[in-house]
Amino acid sequence: MSVRTQSSEQPAEAAHRAGFACFVGRPNAGKSTLTNALVGTKVAITSNRPQTTRHTVRGIVHRPDAQLILVDTPGLHKPRTLLGERLNDVVRTTWAEVDVIGFCLPANEKLGPGDRFIAKELAGIKRTPKVAVVTKTDLVDSKTLAEQLIAIDQLGKELGIEWAEIVPVSAVGDQQVQLLAELLVPMLPESPPLYPEGDLTDEPEQVMVAELIREAALEGVRDELPHSIAVVVEEMLPREDRPADKPLLDIHANIYIERPSQKGIIIGPKGKRLKDVGIKSRKQIEALLGTAVFLDLHVKVAKDWQRDPKQLRKLGF
């Protein structure tokens, strides 16, 4: 078993490489946080509630020797709804198309049925190299980490997966994140850059704005709302009659929930929660777009949208 903890020297004048990597793992395994740490800015939404990433967010890591494009898929899980089945299809399609797969396993949780479910699926994908990424190492002591590394090595042997690398990282503590990038690069094909320098993601701005609003709406919602929130940005228009040096972008967005009873949870007493969601997401959106924003939010009920194919299409799934 080779566990990487330090950098190896790169040969001089290696050819430029570019390609796609994707992080997989059960919900809340640290995939989005790792994507953000590698790219160095916030592109994938992170939340400590499982099941928050619904779109394939690509983060782009620009290096002198390579361009690593990260595809962040939703967590694979045993589906309970039509939405769940669609998300799983998205995951499998993505795995078949990338150059390398990073399987994220949190250091602070023993391997469980969810990890085994994904590992079995991975074992069926033969050609793509697989790297086991042990996340959240800042939360455990060295003994627990060593036990987890051995368990992951064993899991691979049991299912016939040959890990290209096993890499412990902490995205929060910024430990070994760059090492991970260095280990992924040689697995990419030789290629000129696929995206212009400076691009961090190819997600359309409207999708990213919707994700930021959704992330803010999830904060502090303690019960089972995350599955029931979808955000659609209806329009983003520059405000007319503004001086050229003080532009303002008007954004109108709807937050959809499944049942009227959930409306009060999102809006809060006297509208306070919705106001907080607006303030928080507006700051993030302004940082993302680099312009002042007027954000108009409305909460609407789309009855049982997760089980209704027509509504899923309308909400972008």
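Quantities reported herein were computed from a predicted structural model and do not represent experimental measurements. (Residues numbered from 1 in each chain as written. Predicted model: local features only at pLDDT ≥ 70, side-chain atom pairs only at ≥ 80, totals over all residues. Heavy atoms only, no water.)

Peer 1: A description of helix α5 (residues 177-184) should follow, citing residues and the corresponding values.
Peer 2: Residues spaced three or four apart along an α-helix point in a common direction, a consequence of the helix completing one turn every 3.6 residues. Most of α5 is tucked away: six of the eight residues are buried. Among the residues of α5, Val177, Leu179, Leu180, Ala181, Leu183 and Leu184 are the ones counted as buried. (Buried < 20%, exposed > 50% of the residue type's maximum accessible area, 1.4 Å probe, protein only. Helix = DSSP H or I, 4+ residues; strand = E, 2+ residues; numbered from the N terminus.)

Peer 1: Describe the nonpolar core, naming the residues involved and giving the relevant values.
Peer 2: Among the nonpolar cores identified, the biggest contains 25 residues, and Val209, Ile213, Ile229, Ile251, Ile255, Ile285 and Leu297 are the most heavily contacted of them. Counting residues per element, the ones that place at least two in this core are α6 (205-218), β7 (230-238), β8 (248-257), α8 (272-289) and β9 (292-301). Top element by residues in this core is α6. It accounts for seven residues. (Core = buried A, V, L, I, M, F, W, Y, C linked by side-chain atoms within 4.5 Å.)

Peer 1: Explain the pattern of salt bridges to me, using residue names and the numbers behind them.
Peer 2: With the rule as written, the count across this model stands at 12 salt bridges. Across the salt bridge formed by Arg214 and Glu211, the nearest N and O atoms sit 3.9 Å from each other. Of this pair, Arg214 and Glu211 both sit in helix α6, three residues apart, which is roughly one turn of that helix. An identical accessibility class is assigned to Arg214 and Glu211; each is buried. (Salt bridge = Lys/Arg side-chain N within 4 Å of Asp/Glu carboxyl O.)

Peer 1: I'd like to hear about the packing of helix α3 (residues 113-123) against helix α4 (residues 142-159), residue by residue, with values.
Peer 2: Pairs of packed helices are described in terms of their axes, by the angle between the two and the distance that separates them. Between α3 and α4, whose axes approach to 10 Å, the crossing angle comes to 45 degrees. Here α4 runs oblique to α3, going by the angle between their axes. Read as a crossing pair, α3 and α4 show a hand that is right-handed. Contact residues: Arg116, Ala119, Lys120 and Ala123 in α3; Leu155, Glu158 and Leu159 in α4. Tallied by class, the residues present in the contact of α3 with α4 amount to four nonpolar, no polar and three charged. (Axes fitted to C-alpha atoms, helices over the stretch in contact; angles between N-to-C directions. Parallel < 35°, antiparallel > 145°, perpendicular 65-115°, else oblique. Left-handed = near helix turned anticlockwise from the far one by under 90°. Contact = heavy atoms within 4.5 Å. Nonpolar A, V, L, I, M, F, W, Y, C, P; charged D, E, K, R; others polar.)

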